[in-house]
Amino acid sequence: MQNAKNSAKKILCFFVAILLITVTISACNTDPANTSSSGQGAQISKNESSEESSTISEIESVLESSDQTSEESTFVPPEVVPTVVTETNDEAPDGYKSVRITFMDYNPINVDMVVPENWTLKAKNDSLNADFGEGYCRKVEAFVGDKKVADIYDSIFSLEYGDNYTMIYTYIKMGHIRWLDEYREISNDGKSAAAVTNVLGWWNVTDDDEDLLAYYPNLTKSEDGLTYVMSLDAVLSYNKDVLKYVGMSVEQDLLSTEALELIAKSIVLTAAD
């Protein structure tokens, strides 16, 4: 009986040994798929290398393109159709005449207003003005004889930030000529408004100011002698329907307060056909 148990143990140990040998041989013959130089690991390394090379090529291409376009570009102003000035036969107070100015920049508008009857209005269509508001316009100059006494401009505005005058006139309140310091509204119907104001302008004194002094004969030097200063009377008007405003600067004390107010109240802005 004891001999039988010993034989059974020997047979069991034999099969266990055979099983261990089989497992060991199988493990030794299995390729390490994730670490072999010819397996998936190598393929990942190849892709990473390819992507890196592609990225470098793209950067080099961008740099090469940048070198080819590094020259400074010249700004070209937009094409603006000439402004038109027409004297109309509309009724006007004594001493005044009715005129229509058609500004053809961006959304074109008509400006109907009265001006002193001895004024001659001329559109300055040989140049673009960008000193007033946002964008370009071909302004109108007013003359008494050969003397220029006023400038008339138009500009665009947006109601995105509010509908009070400081928002509508955003672009001129930040300019070097202060249009809104003495802004005094004289009419407002909810859609359009008009006001009289004062403009203060200044220019640096240089050694070559002949043209400036000829254009603005009323300039005076500041106390420190470093700048020329000039104060002008002015009129402003806007219309929310056409999203435009106009401004007129006038030689100071040329017109009375009543005359400035009369002109401001007469302004009507409409979309041009």
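To be clear, the structure that these remarks concern was listed above.
Here's what I pulled together on the structure shown here. Since this is a predicted model, take the numbers as computed values, not measurements. (Residues numbered from 1 in each chain as written. Predicted model: local features only at pLDDT ≥ 70, side-chain atom pairs only at ≥ 80, totals over all residues. Heavy atoms only, no water.)

1. Points about the overall build of the chain
Selection rule: Numbering goes from the N terminus for both helices and strands, where a helix is a DSSP run of H or I of at least four residues and a strand is a run of E of at least two. Categorising residues by exposure relies on relative accessible area from a 1.4 Å probe, with only protein chains included: less than 20% of the type maximum marks a residue as buried, more than 50% marks it as exposed, and the intermediate range marks it as partly exposed. A contact between two residues is defined here by any heavy atoms of the two lying within 4.5 Å. The protein chains shown are the only cover counted for residues, whose accessible areas, like all others here, come from Shrake-Rupley with a 1.4 Å probe.
Helix and strand counts for the chain come out as six helices and twelve strands. For the chain, with 273 residues in total, the buried portion stands at 33%. Counting contacts in the chain only where the partners sit at least 6 residues apart, residues at least 24 apart contribute 54% of the total. As presented, the chain carries roughly 17400 Å² of accessible surface, and 51% of it is formed by carbon and sulfur atoms.

2. Some thoughts on the packing of aromatic side chains
Selection criterion: Stacked, tilted and edge-to-face pairs are distinguished by plane angle, under 30 degrees for stacked and over 60 for edge-to-face with tilted covering the rest, among Phe, Tyr and Trp rings (Trp via its six-membered ring) whose centres lie within 6.5 Å. Any Lys NZ or Arg CZ found within 6 Å of a ring centre and within 35 degrees of that ring's normal is scored as a charge over the ring.
The tally for this structure, following the rule as stated, stands at nine aromatic pairs. Ring centres of F132 and Y245 lie 5.6 Å apart, and the angle between their planes is 70 degrees; this geometry places the pair in the edge-to-face category. Separated by 113 residues along the polypeptide, F132 in the loop between β4 (120–123) and β5 (140–144) and Y245 in strand β11 (residues 244–251) bring together distant segments of the chain. By the burial criterion, F132 is buried, and Y245 matches it. Taking 5.7 Å as the distance between ring centres and 75 degrees as the angle between the ring planes, the aromatic pair formed by Y169 and Y238 counts as edge-to-face. Residue Y169 is found in the loop between α3 (165–168) and α4 (170–173), and its partner Y238 is found in strand β10 (residues 227–239); the two are separated by 69 residues along the sequence. In this structure, Y169 and Y238 share a single accessibility class: buried. Taken together through their ring pairs, the aromatic side chains of F132, Y153, F157, Y165, Y169, W179, Y183, Y238 and Y245 make up a single cluster. One residue, K122, lies across the ring of F143, its end atom 5.0 Å from the ring centre.

3. Examining the sheet that holds strand β2 (residues 96–103)
For sheets, the rule is that strands pair by backbone hydrogen bonds, running either parallel or antiparallel. To keep things clear, this is the line we draw: Strands are labelled as partners when DSSP assigns at least two bridges between them. Angles run from 0 to 180 degrees between N-to-C directions of axes, and those axes are lines fitted to C-alpha atoms, restricted for helices to the stretch in contact.
Spatial strand order, β1-β2-β3-β12: four strands in an open sheet with antiparallel pairing. The open sheet has two free edges, formed respectively by β1 (84–87) and β12 (268–271), since each of these has just one partner strand. Averaged over all pairs of adjacent strands, the angle between their axes in this sheet comes to 25 degrees, without regard to strand direction. Bridge analysis of strand β3 (residues 109–116) against β12 gives four bridges, and the strand direction is antiparallel. Of the residues in β12, the one forming a bridge with N110 is T270.

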